[in-house]
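Each chain is listed here by its residues.
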Amino acid sequence: MEALASSLKQLMSARQPMVLHRKAGIFPSSWAFDLSLAATQRSLAAVPGARMRLYGNGQELPLTEDLLPQPADQHLAGWLDRVQLRQPGLILNNVQCLRPEVWRWVRQLLGGVFAGGMPAGGCSLEVFTGRYRESFFGLHKDDQDVVTFVLEGTKIFYVWPFEVFSALAPGLQPLGNHGLPDVDWRQHLDLALRLEARPGDIVYWPAEAWHIAAADDPDLLTTTLGLGFFRGGNPAQLCADAVAAALADGDIPELPPFFRDAIPQGVAEILNFLGQPSVRERTEDQLLSWLTGYGFTTLPEPVEPSEVPARFHAVARGGISSLPRESQRVVGACGRLFRIPEHPFLLDLLNSLASGATLHRNAWQHDEVGPEVVDWILTELLSVDAIEAA
Ligand SMILES: [Fe+2]
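Sequence positions are assigned chain by chain, starting from 1 and proceeding in written order. Local features in this predicted model are restricted to residues whose pLDDT is 70 or higher, and side-chain atom pairs enter the listing and the counts only when it is 80 or higher, whereas totals over whole chains, interfaces and linings include all residues.

## Section: the overall build of the protein chain
Inference 1: For the purposes of this entry, the term helix denotes a DSSP run of H or I that reaches at least four residues, the term strand denotes a run of E that reaches at least two, and both are numbered from the N terminus. Secondary structure assignment for the protein chain yields 10 helices and 19 strands.
Inference 2: Any residue surrounded by 20 or more other C-beta atoms within 10 Å of its C-beta is treated as buried, while 12 or fewer makes it exposed and the intermediate range makes it partly exposed; C-beta atoms here are placed from the backbone. Taking all 390 residues of the protein chain together, 35% fall into the buried category.
Inference 3: Once local pairs closer than 6 in sequence are excluded, the contacts in the protein chain between residues at least 24 apart make up 84%. Any pair of residues counts as being in contact when their C-beta atoms, constructed from backbone geometry, are within 7 Å of one another.

## Notes on the nonpolar core
Inference 1: Throughout this description, the term nonpolar core refers to a group of buried Ala, Val, Leu, Ile, Met, Phe, Trp, Tyr and Cys residues whose C-beta atoms join them within 7 Å. Residues Leu 35, Val 159 and Val 203 are the most contacted members of the largest nonpolar core, which totals 57 residues.
Inference 2: Once residues within four sequence positions are removed from consideration, Val 203 is found in contact with Val 19, Thr 148, Phe 157, Leu 195 and Ala 197.
Inference 3: Within the second largest apolar cluster, 19 residues are counted, among which are Phe 338, Ile 340, Leu 378 and Val 384.

## Things to note about the sheet that holds strand β16 (residues 328–333)
Strands pair in a sheet through their backbones, by hydrogen bonds, and they do so in one of two ways: parallel or antiparallel.
Inference 1: Read across the open sheet, the 3 strands follow the order β15-β16-β17; overall the sheet is antiparallel. The open sheet has two edge strands, β15 (320–325) and β17 (336–341), and neither has a second partner. Across the sheet, the mean angle from the axis of one strand to that of its neighbour is 25°, orientation sign disregarded.
Inference 2: Pairing of β16 with β17, which is carried by 6 bridges, proceeds in the antiparallel orientation. Bridge pairing links Gly 332 to Leu 337 in β17.
Inference 3: For every element, the axis is a line fit to its C-alpha atoms; helices are fit only across the contacting stretch, and the angle between N-to-C directions ranges from 0 to 180 degrees. Packed onto the sheet, helix α9 (residues 344–354) meets β15, β16 and β17 and runs at close to 155° relative to β15. DSSP-based pairing: two strands are paired if at least 2 bridges between them are found.

## Here we look at α9
Since the α-helix turns once every 3.6 residues, residues separated by three or four places project in the same direction.
Inference 1: Every buried residue of α9 is accounted for by Leu 346, Leu 349 and Leu 353. Along the axis of α9, the buried positions cluster into a sector of 50°, meaning they face one direction only. Exposed and facing more than 90 degrees away from the buried side of α9 are Pro 344, Asp 348 and Asn 351.
Inference 2: Residue Gly 356 follows α9 closely and has a positive phi angle near 90°. Directions pointing from the helix axis toward each C-beta atom define the arc.

## A short note on the environment of Ser 135
Inference 1: You can see Ser 135 is positioned in the loop between β5 (123–130) and β6 (139–141).
Inference 2: A count of 22 C-beta atoms within 10 Å places Ser 135 in the buried class.
Inference 3: C-alpha separation for the pair Ser 135 and Gly 89, spaced 46 residues apart in sequence, amounts to 9.2 Å.
Inference 4: Leaving out residues up to four positions away in the same chain, Ser 135 has contacts with Ile 212 and Ala 213.

## Quick look at unusual backbone geometry
Inference 1: Here Gln 84, not a glycine, exhibits a phi torsion of approximately 50°, which is positive.
Inference 2: Inspection of the secondary structure puts Gln 84 in the loop between α3 (76–83) and β4 (89–93).
Inference 3: For Gln 84, a count of 9 C-beta atoms within 10 Å puts it in the exposed group.
Inference 4: Positive phi, close to 55°, is recorded for Asn 94, a residue that is not glycine.
Inference 5: Summarising the element assignment, Asn 94 is placed in the loop between β4 and α4 (100–110).
Inference 6: Under the C-beta neighbour-count criterion, Asn 94 is labelled buried, with 21 such atoms within 10 Å.

## Brief notes about the sheet that holds strand β7 (residues 144–152)
Inference 1: Spatial strand order, β1-β11-β7-β13-β5-β4-β2-β3: 8 strands in an open sheet with antiparallel pairing. Both edges of this open sheet fall to β1 (18–20) and β3 (59–61), since each of them pairs with a single strand only. Neighbour-to-neighbour, the strand axes of this sheet turn through a mean angle of 25°, independent of strand direction.
Inference 2: The pairing of strand β2 (residues 51–56) with β4 spans 5 bridges and is classified as antiparallel. Bridged to Tyr 55 within β4 is Gly 89.
Inference 3: In this fold helix α1 (residues 2–14) packs onto β1, β7 and β11 (202–205), with an angle of close to 180° to the strand it touches most, β1.

## So, the pairing of β16
Inference 1: Direction of pairing for β15 relative to β16: antiparallel, over a ladder of 6 bridges. Looking at the pairing, Ser 321 lines up with Gly 332 of β16.

Below you can see the structure in the form of structure tokens.
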């Protein structure tokens with residue numbers, strides 16, 4: 001799969017839209033139904049970043065139980081046959097928060113793409129499924145490079161260079177978000193690149209590109225999984241946002257009047273300081289290290305418990321890193337983030353793993369930390385192949 005990662009990296013570097021034929025093909029398309037069910041059954045308000053939108057009969061529809069996928073439907077086609085909507089479609093955002101194994105599948109397939117670190121704005125995974133003739137948003141562009149895995153049906157993407165429509169959006173930056181729903185894109189096909197893709201194919205277009213997804217036969221089910229690389233993110237801006245949020249929350253209490261008066265000027269100086277290239281680079285380095293070069297900014301759900309080997313050692317390519325956060329500790333490894341209690345014994349365990357030494361499970365007991373906590377942490381690390389039996 002390194003050849004695939006290398007092809008994608010070249011395309012991303014050249015900003016060149018393209019279809020890579022028959023490069024995937026192992027993604028179980030039934031997962032899209034599982035993800036739809038998971039989104040239906042969970043309270044999405046409790047899943048950071050997760051979002052579901054349903055379209056049909058020419059409009060966005062309310063997420064009512066009778067219209068959403070149910071277990072008895074058994075597959076996406078069964079759901080669509082039951083609900084009988086005209087041109088139905090379902091969009092799920094940030095599905096890695098619903099099922100971490102989807103991210104694991106992408107990471108295994110494209111691991112090399114992330115070897116140099118994650119994009120500054122993070123990544124997300126989206127499912128698009130339905131029987132519809134074209135994208136619900138009309139002609140638009142996003143703030144992310146998109147890698148789309150076609151899981152089901154034949155998809156056609158028309159892609160235009162930024163310059164073709166930029167005059168219609170004055171002030172829009174090449175990495176910005178914008179929609180042109182009133183533009184009849186069919187009138188501009190002579191300037192478009194047509195990318196046709198079938199299950200197993202991977203499609204890439206850069207954030208700069210205007211695009212629309214279409215289907216030749218709107219009666220056939222199409223399902224895609226999109227991986228977004230957010231190029232426009234700026235960790236310095238994240239820090240500035242954090243400073244502004246702290247000020248708004250009154251986290252800087254009881255300042256003498258002189259400093260209170262000086263805060264607006266101080267904030268401006270902090271923002272300037274954070275925006276300097278050297279500071280920005282360091283901030284990005286820290287974030288990349290924290291996220292171990294793969295990760296997402298939201299914490300996935302805990303994994304199911306499994307057997308912990310008697311002897312194990314770390315094999316995480318990007319290392320196992322951790323940071324104290326809100327009286328707990330956030331651990332990052334191979335694209336997974338999870339919180340553990342802040343305790344010197346557990347920090348010692350993480351540091352020992354980071355050393356590469358082979359550890360014996362029985363040697364890691366502590367009166368204040370239950371064995372179930374140690375086993376749970378090791379299970380999390382096993383689930384992303386950050387450690388393995390020795
Ligand atoms: Fe898009």
